[in-house]
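Here is what each chain is made of, one letter per residue.
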Amino acid sequence: MSSASVVPETYELRGDQARETLQAYGALTLLKAAFQRLRFADAFSHARSLAYTISLVLVQATIALVGFASAFGSTRASAIVVRIANQIIPGPASNIVTNAVTQARHAGSGHHYTGLIVGLISAIVTTSTLLGQMERGLNRLYGVEVDRPTVQKYRRAATLSIVIGLLTVVAFASLVFGQEIGDSIDNGAINAAWAILRWPLGIALATLAITILYRTSPRRRQPALSWLAYGAALASLFWTASSILLGLFFRYSKGFGQTYGALAGIVAMLVWALLCSVAILYGAAVSAQLEAVRAGNHAPQDPEKVAHSEPLFDAVHLHVATAAR
């Protein structure tokens, strides 16, 4: 049960006010309070649910991409999908995507549209479920206990998945295929500039996707994108850092593969997806706590919610103690 305090709606806030509030409150104090809000909102339980659906969406989207290539006769798409997986997914987790590509090739050898149809429908349904779960997690961080009605909730989730999906694809194209794009430009100066700019461009687009998620998912009127960008940038930073560190761990750790054996890829993907989910929710907690501080409510936990839950636990303990007698 979430016991995070309700964040008052101060939707007129902008980025310059976020900077002023951050300077007055202190960055370290904000990070600590945001982590407390994360705990009080039971966000780690939501992160575990998100990790499962992220892993499932990744495999389904891979099958849909390879199915699309098989349906229209393109053979390079499979190699491109494998390359993306090897660059953005750390360690043995990328093997799951590689195996999915191989399976999709075999499935599409005799039925050209099977992989495309099954993968696409499954990915859309699972992505909508993922964003519906994301709305619930973000609501609890802001102290909102009731989600949108079911139809409205998943209609919004389906629309949001398209917008965020497009931004994510462009961001990955900049980061993963940026060198090839630069080589196609017949200008030395522009090519050199692009080699540097493609990294901040990709990270900026990923941050924008997360910012839009923060802006549209919670069931409340949110501040401006410039305000929410602080938490989104932090989420992107944590996601990038965790992916790099996890990749280094998988590369140099011999015990991991020996311990999990054939299950190493599944475990690695779930761990990576869990860290990504925690990073996104923690960035939202930072934005929520910063807004709460601006409104004068510094406490990340609501004492009334804790007080209301105590009689329930007392009754359970009394029943257990009576039964023991």
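Let us look at the structure shown here.

Each value, and the rule that gives it
- Throughout, a residue's number is its position along its own chain's written sequence, starting from 1.
- Owing to the predicted nature of the model, reporting of local features is limited to residues with pLDDT of at least 70; listing and counting of side-chain atom pairs is limited to 80 or more, with chain, interface and lining totals taken over all residues.
- Side-chain numbers here rest on the full set of heavy atoms in the structure, without hydrogens or water.
- Think of it this way: any DSSP run of H or I at least four residues long counts as a helix, any run of E at least two long counts as a strand, and we number them from the N terminus.
- Contacts are assigned to residue pairs with any non-hydrogen atoms lying within 4.5 Å of each other.
- All accessible areas in this document rest on Shrake-Rupley with a 1.4 Å probe, and a residue is counted as covered only by the protein chains that are shown.
- When a carboxyl oxygen of Asp or Glu is within 4 Å of a side-chain nitrogen of Lys or Arg, the pair counts as a salt bridge.
- When a residue's accessible area, from a 1.4 Å probe over protein chains only, is under 20% of the maximum for its type it is buried; when over 50% it is exposed; and in between it is partly exposed.
- An axis is simply a line fitted to the C-alpha atoms; with a helix, the fit covers only the stretch in contact. Between two such axes, the angle follows the N-to-C directions and lies from 0 to 180 degrees.
- Here the word oblique covers every angle except those under 35 degrees (roughly parallel), over 145 (roughly antiparallel) and from 65 to 115 (roughly perpendicular).
- Note that Gly is not counted as nonpolar here; it falls among the polar residues with everything else outside the nonpolar set of Ala, Val, Leu, Ile, Met, Phe, Trp, Tyr, Cys and Pro and the charged set of Asp, Glu, Lys and Arg.
- The nonpolar core is taken to be a set of buried Ala, Val, Leu, Ile, Met, Phe, Trp, Tyr and Cys residues, with the residues joined through side-chain atoms within 4.5 Å.

Structural notes on the overall build of the protein
(1) Moving on: Looking only at helices and strands, one finds 13 helices and 0 strands in the protein.
(2) Moving on: Counting helices and strands in the order they occur from the N terminus, the protein gives α-α-α-α-α-α-α-α-α-α-α-α-α.
(3) Moving on: Counting only contacts in the protein whose residues sit at least 6 apart along the sequence, the fraction spanning at least 24 positions is 82%.
(4) Moving on: Counting every atom, the protein has about 16900 Å² of accessible surface; 66% of that belongs to carbon and sulfur.

Regarding the pattern of salt bridges
Opposite charge on two side chains permits them to pair, given that their charged atoms come into close proximity.
(1) Moving on: Inspection of every chain in the model, using the stated rule, returns 7 salt bridges.
(2) Moving on: Between Glu9 and Arg221 there is a salt bridge, and its shortest N-O distance comes to 3.1 Å. Separated by 212 residues along the polypeptide, Glu9 in the segment before α1 (15–25) and Arg221 in the loop between α9 (188–216) and α10 (225–252) bring together distant segments of the chain.
(3) Moving on: With a relative accessible area of 37%, Glu9 lands in the partly exposed category.

A word on the packing of α1 against α10
(1) Moving on: Relative orientation of the contacting elements α1 and α10 amounts to 50 degrees, with a least axis distance of 6 Å. Relative to α10, α1 is oriented oblique. Contacts from Gly15, Gln17, Ala18, Arg19, Thr21 and Leu22 in α1 reach Ser226, Trp227 and Tyr230 in α10.
(2) Moving on: Here the contact of α1 with α10 is composed, by residue class, of 4 nonpolar, 4 polar and 1 charged.

Overview of the nonpolar core
(1) Moving on: Counting 48 residues, the largest nonpolar core has Leu38, Met134, Leu138, Leu141, Leu213, Tyr214 and Leu281 as the members making the most contacts within it.
(2) Moving on: Of all the secondary-structure elements, those providing two or more residues to this core are α1, α2 (27–40), α3 (43–71), α6 (114–141), α7 (150–176), α9, α10 and α12 (264–294).
(3) Moving on: Per-element accounting of this core gives the leading share, 11 residues, to α12.
(4) Moving on: Setting aside chain neighbours within four positions, we find Leu281 in contact with Leu38, Ala43, His46, Ala47, Leu50, Met134, Gly137, Leu138 and Leu141.
(5) Moving on: Core analysis: the next-biggest nonpolar cluster, separate from the first, contains 7 residues, Phe250, Ala264, Ala268 and Cys276 among them.

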